[in-house]
Structures are given as C-alpha cells and as structure tokens.
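Okay, here's what each chain looks like letter by letter:
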Amino acid sequence: MSVFETIANKCGKVGRSVIIGLAASMVMAPAVAQEKTLAPGETWRITAAEADISLQRLVLGDGARIEFADEVTDWRLNARHVSVGENVVIDGRGRAGSSGRAGSSYEEPAETCKDGAAGGAGTAGGAGGEGVDLSLNLGIARIGSLTVLTDGGAGGAGGPGGKGQHGGDISKCRGGAGGKGGAGGPGGPGGAAGDLTLVYRPLGSLETAAVLRAMDLSAAGGEGGPGGEGGPGGGAVEGRYMRGGVAGNKKWLAGGDAGAQGLPGAAGEAGPSKNPIIQQAGQGKGLRAQPVGDTVDRASRIEQLEQRIDELERRLRALEKKARQ
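Residues numbered from 1 in each chain as written. Predicted model: local features only at pLDDT ≥ 70, side-chain atom pairs only at ≥ 80, totals over all residues. Heavy atoms only, no water.

Draft legend 1. Inspection of the pairing of strand S6 (residues 88-91) at higher detail. The alternating pattern of S6 places Val88 and Ile90 on one face and Val89 and Asp91 on the opposite face, and all of these are buried. As judged from the two bridges shared by strand S4 (residues 65-68) and S6, these two strands associate in the parallel manner. Looking across to S6, one finds that Ile66 is bridged to Ile90. Where S6 meets strand S8 (residues 146-149), four bridges bridge the pair, whose relative direction is parallel. (Buried < 20%, exposed > 50% of the residue type's maximum accessible area, 1.4 Å probe, protein only. Helix = DSSP H or I, 4+ residues; strand = E, 2+ residues; numbered from the N terminus. Pairing = 2+ DSSP bridges.)

Draft legend 2. Geometry of the layout of surface pockets. Considering only enclosed or pocket space, the largest pocket measures out at about 350 Å³ in volume. Residue contributions to the lining of the largest pocket peak at three residues, all from S4. Taken together, the residues of the lining of the largest pocket sort by class into five nonpolar, six polar and nine charged. (1 Å grid on protein atoms, 1.4 Å probe; cavity = no way out; pocket = protein on both sides within 12 Å on 5 of 7 lines; lining within 4 Å. Points joined across faces, edges and corners; volume = space filled by probe spheres on them. Nonpolar A, V, L, I, M, F, W, Y, C, P; charged D, E, K, R; others polar.)

Draft legend 3. Focus on the side chain of Ser83. Of note, Ser83 is situated in strand S5 (residues 74-84). Those residues in contact with Ser83, other than ones at most four positions away along the chain, are Leu58, Val59, Leu60 and Arg142. (Contact = heavy atoms within 4.5 Å.)

Draft legend 4. The arrangement of the sheet that holds S6 in detail. Taken together, the five strands give an open sheet; going across it, the order is S2-S4-S6-S8-S10, and neighbouring strands pair in parallel fashion. With partners counted over all chains shown, the strands left at the sheet margins are strand S2 (43-46) and strand S10 (215-218), one partner each. Within this sheet the neighbouring strands show an average axis-to-axis angle of 15°, counted without direction. (Axes fitted to C-alpha atoms, helices over the stretch in contact; angles between N-to-C directions.)

Draft legend 5. Main features of empty space enclosed by the protein. As enumerated under the stated definition, the model contains one cavity of 30 Å³ or more in all. Estimated volume of the largest cavity: approximately 40 Å³. Lining the largest cavity are Leu58, Leu60, Ile66, Leu77, Val82, Val84, Ile90, Leu138 and Leu146. Elements with a contribution of two residues or more to the lining of the largest cavity: strand S3 (52-60) and S5. Sort the elements by how many residues they give to the lining of the largest cavity and S5 lands first, with three residues.

Below, the structure is given as structure tokens:
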C-alpha cells in the first residue's frame, strides 16, 4: 500500500479525493526547467534526442563548442537566460564529401607488338553534406563572441585517372603504342547551406548593438570538389633496326607513340547558400545578414545593422506617438 493510499484511508472519502487529486497534479506537473553549462573549451555534441531543447539557463564558457551528430538535420534551441563567453562556436556545417577512387593502372607492358591499354577512369568525388538547419531563440544576458555556422560541406575531389599501359615490344613488327592515361573523376557537388534563424532578447543593461557586434553568422554553400587529374600515358618502345632475312641487311621497325595524358575531371558545382536571419524579439521582420560572396568588411556590416536598428527605433517612437494621439 502506498503512502497516498494509507493517508487517504485514514482521511475518508473526501480526504481520499483530495489526496488523489494532489497526486495526479504532481504527476502532471511539468519537469523542472533545465540548465546547461559548458566549461571553457568543452564540446556539447547534439544527438537526435536533443533536436528540440528548452532551457531556463545556458552558460557557454570561453572556447566552448556545440556540434552535431551525423543524424541531426535540424536543431531548435529556446534558452531564456544565456551567458556566452569569448570564441564560442555553434558548428552546424555539413560534412565534406569523400574523395573519389583512383582509376586502375598498368604496371606490366602489353604483349609483344600490341598497343597498351588505357588507364582506368577515376571515380567521382562524394557530395558535400547539407548544413544543419538552426532555429535559435535566446535571451542574452552576456556575450563575448559567438560564431554560428550552417555552411554546406565541400564536395569530395574526383579520383585521379590510372596510368596507361606501356606498349608491347618489337619483334618483326612495329612497337606497340602506349595506352592513354585514364580520365580524372569529376569533383563532387558542394552541400547546401542550412537555414539559420536567430531571435535574441538583450537582458538587463546589454545593448542591442553590442549583441550584433559579437555575432558572426555564416550559411555559405559548400565548395565543389576539384576534378581528378588525368592519368599519365603509357610509354612506348623506340624504333630500331633489326637484321633482315638477307645477310648483312637491316630492317627499320618503327616504334609506337607514347600514350596521351588522360583528361582531367570537371570540378563539382558549389552548393546553394542561404541568407542568415537575425531578429530582435518583438521587433517584427528580421534583418538578413549580408549575402554570401559580397565583399563587405565586418565594420561596414555592423554600421549597416546599427543604421537599420536606428531606423526601426524611429518607426517605433512614431507609432507610440500616434497611439497616444
């Protein structure tokens, strides 16, 4: 018999109902809000079971990192009170593609009088992985510097072409030509960048401009992999005189041509980039970070963001004034 049942039996029917109700409310009560602290230099590897997390408090020490298991494709974090140290990184970049395999090569020459075979073609490089989709909702009390990455992974390099076979030797025949080198494999395509949305709330005396200056967001598509090099052509036997059928006569037997270098593989295409979105909670439409590839330095980006913030604040004051009229 449980403690609740013992008390309920002693208190009677009414007491039993009250006790049962209290017990049910305890079972249904939400779990205590979680807290998470990463020590300086510590890494938190997010698993599929942690794809959607709500925290009461999150502390990220200097040099702390948040990374993701291979099976995680998106991560949603809602943290009400966040303290960020210096050089903190949330790394949601896709994995690089694997390199292609080299084509088959020939080490032994072809049979006498025969041309060498061509080297095998290299295989294609693997595709880069897609960046993790990140949706971050943070109440920030302190921030040193934070880098958030959802870049696509680079495509893998194409495999090199194999070496062509050496031409066969001369024996009452012309020498065999060397085999052509194998073609290089194409590079793998770069992975697509993940979606990146960051909604923040400055807490206490922390200013909006300070939050923006401390953040560096990137959602660039992965670079395409380089094509594999073409394989070297096989060598050939040089021509030479050989003694003819009549005494004292010599017959010229031509040599074969050396094999041509294999063609290089084509480079893979870059993956599509995204525009990270950063938004202050309660301020309406978010600001889009500078598109990837534009040559704008960090100071210019901060100045543009500060100007946009000033513009939003002017609009807010105008709306408040209109509401009071």
